[in-house]
Amino acid sequence: MTRLVHAVCLAMLAAPAFAQETPIAEAAPAASAAPEARPDPEDRAPEVAPDAPGEAPEPETAEAQDGAPHWQSLRETPDAYSTCLAALRDYGTVFEEREPMTGQNPDCGIANPVEVTEILPGVALRPEAVMRCETARALASWVEGTVVPAAERVGILSPIAAINHGSTYVCRNRGGVASGKVSEHAYGNAVDVMGFRFEDDSSLAIEPRADAGTIEEAFQRASRGGACLDFTTVLGPGTNAAHANHLHLDIKQRNGGYRICQ
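Here the residue numbers are simple positions, counted from 1 along each chain's written sequence. In keeping with the predicted nature of the model, local features appear solely for residues at pLDDT of at least 70, side-chain atom pairs appear and are counted solely at 80 or more, and the whole-chain, interface and lining totals rest on all residues. Working from all heavy atoms in the structure, the side-chain values ignore hydrogens and water.

Draft legend 1. How the structure looks around the pairing of strand β6 (residues 160-167). Buried, partly exposed and exposed residues are distinguished by accessible area as a fraction of the type maximum, computed with a 1.4 Å probe on protein chains only: under 20%, between the cut-offs, and over 50%, respectively. In this description a helix means any DSSP run of H or I spanning at least four residues, a strand means any run of E spanning at least two, and both kinds are numbered starting from the N terminus. With respect to burial, β6 is a largely interior element, 6 of its 8 residues being buried. One ladder, built from 3 bridges, connects strand β5 (residues 123-132) with β6; its direction is parallel. By the bridge assignment for β6, Arg 126 is matched with Asn 164. Two strands are counted as paired when DSSP detects at least two bridges linking them. Sheet topology note: the β6/strand β7 (residues 190-198) ladder contains 6 bridges and is antiparallel. Bridge pairing in β7 places Ile 160 opposite Phe 198.

Okay, here's the thing in structure tokens:
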């Protein structure tokens, strides 16, 4: 009996430990995996935050859920529009109200457009531009609350005299392609800021400045970061090649107040 027990023990010691051959790390997800980059909402299909419980999914096309063009669903109520116009006047924005606008594409349009010439007193919008009132209000808030103070802080730049832009309302698809989803520009929701002009007639263009270590880089970073407080989409140099020379700012509304700042 003793010999039998001894033999069994020897056999158990010699058997391979199959339960320990699979490393624990293989069963767990890799902790060092890099986060997946979010797509650019202006040039590719946007990735939005998950819907909150009970909420309908965000429409993915330019059509409102009732079949009407999306720009019509963005029409402000009379009270909301009056409040927005009052806010622009408080900022000192120089603007004119315009008649409703539509493009050759029926998905493009602005129900209550305004044409802005000065976003703040003494700060021109070059060239003058048409957009939704809410876009103008976000732009005025950004310039007053972020751009002007940042220019004052850096010390070597003169006061801001103008915001140079590439486009505001344009009836086109995202990325300027022939077909696809309509750009936020087509609703008057967006502005492409190309750079800044100062009172001494100097200028600063938006361009790749990562790790330049200059005060111009600091000013551009500050302006770009602050824009995320007023706009729901901020894209620029480093996002992709299409945004290497400007800041795309828009007020697209997403479920749960989700914002994209890249």
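Moving on from the coordinates now.
Draft legend 2. Looking closely at empty space enclosed by the protein. Cavities and pockets are defined on a 1 Å grid built over the protein atoms alone: a cavity is a set of grid points where a 1.4 Å probe fits but cannot escape, while a pocket is an open set with protein on both sides within 12 Å along at least five of seven lines, and lining residues are those with an atom within 4 Å of any such point. Grid points are joined across faces, edges and corners, and a volume is the space filled by probe spheres set on the points. Scanning the entire structure with this criterion turns up 1 cavity of 30 Å³ or more. What the largest cavity holds in volume is close to 40 Å³. Every residue along the wall of the largest cavity is listed here: Trp 71, Leu 74, Arg 75, Glu 76, Gly 109, Ile 110, Ala 111, Arg 132 and Tyr 187. When residues are grouped by polarity, Ala, Val, Leu, Ile, Met, Phe, Trp, Tyr, Cys and Pro land in nonpolar, Asp, Glu, Lys and Arg in charged, and all others, Gly among them, in polar. The residue inventory of the lining of the largest cavity, partitioned by class, reads 5 nonpolar, 1 polar and 3 charged.

Draft legend 3. Layout of the packing of helix α5 (residues 133-154) against helix α6 (residues 215-227). Taken N-terminus to C-terminus, the directions of α5 and α6 make an angle of 160 degrees; their axes are 9 Å apart at the nearest point. Between α5 and α6, the angle falls in the class roughly antiparallel. Crossing angle aside, the handedness with which α5 passes α6 is right-handed. Across the interface between the two elements, Trp 142, Thr 146, Val 147, Ala 150, Ala 151 and Val 154 from α5 touch Ile 215, Phe 219, Ala 222, Ser 223, Gly 226 and Ala 227 from α6. Here the contact of α5 with α6 is composed, by residue class, of 9 nonpolar, 3 polar and no charged. Every angle, taken between N-to-C directions, lies between 0 and 180 degrees, and every axis is a line fitted to C-alpha atoms, over only the stretch in contact when it is a helix. An angle counts as roughly parallel when it lies under 35 degrees, as roughly antiparallel when it exceeds 145, as roughly perpendicular when it falls between 65 and 115, and as oblique in every other case. In a left-handed crossing the near helix is turned counterclockwise from the far helix by less than a right angle, and in a right-handed crossing that turn is clockwise. Here a residue-residue contact requires only that any non-hydrogen atoms of the pair lie within 4.5 Å.

Draft legend 4. Molecular detail of the layout of surface pockets. Put simply, the second largest pocket is a space of about 150 Å³. Lining the second largest pocket are Pro 208, Arg 209, Ala 210, Glu 217, Gln 220, Arg 221, Arg 224, Pro 237 and Gly 238. Partitioned by chemical class, the residues of the lining of the second largest pocket number 3 nonpolar, 2 polar and 4 charged.

Draft legend 5. Inspection of the state of the cysteines at higher detail. Pairs of cysteine sulfur atoms within 2.5 Å are what we label disulfides. One pass over the full model with this rule turns up 3 disulfides. Here Cys 84 pairs with Cys 133 through a disulfide, and the sulfurs are 2.1 Å apart. Residues Cys 84 and Cys 133 share a disulfide whose torsion about the S-S bond is about -110 degrees; that sign makes it left-handed. Taken as a pair, Cys 84 in helix α4 (residues 78-91) and Cys 133 in helix α5 lie far apart in primary sequence, 49 residues in all. When sorted by exposure, Cys 84 lands in the same class as Cys 133, which is buried. Cys 108 shares a disulfide with Cys 171; S-S distance 2.0 Å. Across the S-S bond linking Cys 108 and Cys 171, the dihedral sits near 75 degrees, which makes this disulfide right-handed. Here Cys 171 lies in the loop between β6 and β7 and Cys 108 lies in the loop between β2 (101-102) and β3 (109-110), a separation of 63 residues in the sequence. Cys 108 sits in the buried class, given a relative accessible area of 0%. Overall, Cys 171 belongs to the partly exposed group, its relative accessible area being 32%. By sequence-ordered numbering of the bonded cysteines, the protein has its disulfides arranged as 1-3, 2-4, 5-6.

Draft legend 6. View of the packing of aromatic side chains. Put simply, two rings from Phe, Tyr or Trp (the six-membered ring, in Trp's case) pair if the centres are within 6.5 Å, and we call them stacked under 30 degrees between planes, edge-to-face over 60, tilted for the rest. In this structure the tally under the stated criterion is 4 aromatic pairs. Taking 6.2 Å as the distance between ring centres and 50 degrees as the angle between the ring planes, the aromatic pair formed by Trp 142 and Phe 196 counts as tilted. Of this pair, Trp 142 sits in helix α5 while Phe 196 sits in strand β7, and the two are 54 residues apart along the sequence. Like Trp 142, the residue Phe 196 is buried in the burial classification. Plain terms: the ring middles of Phe 196 and Phe 219 are 5.2 Å apart, the flat faces sit at 75 degrees to each other, and that makes the pair edge-to-face. Of this pair, Phe 196 sits in strand β7 while Phe 219 sits in helix α6, and the two are 23 residues apart along the sequence. Members of the aromatic cluster, each reached through a chain of ring pairs, are Trp 142, Phe 196, Phe 198, Phe 219 and Phe 231.

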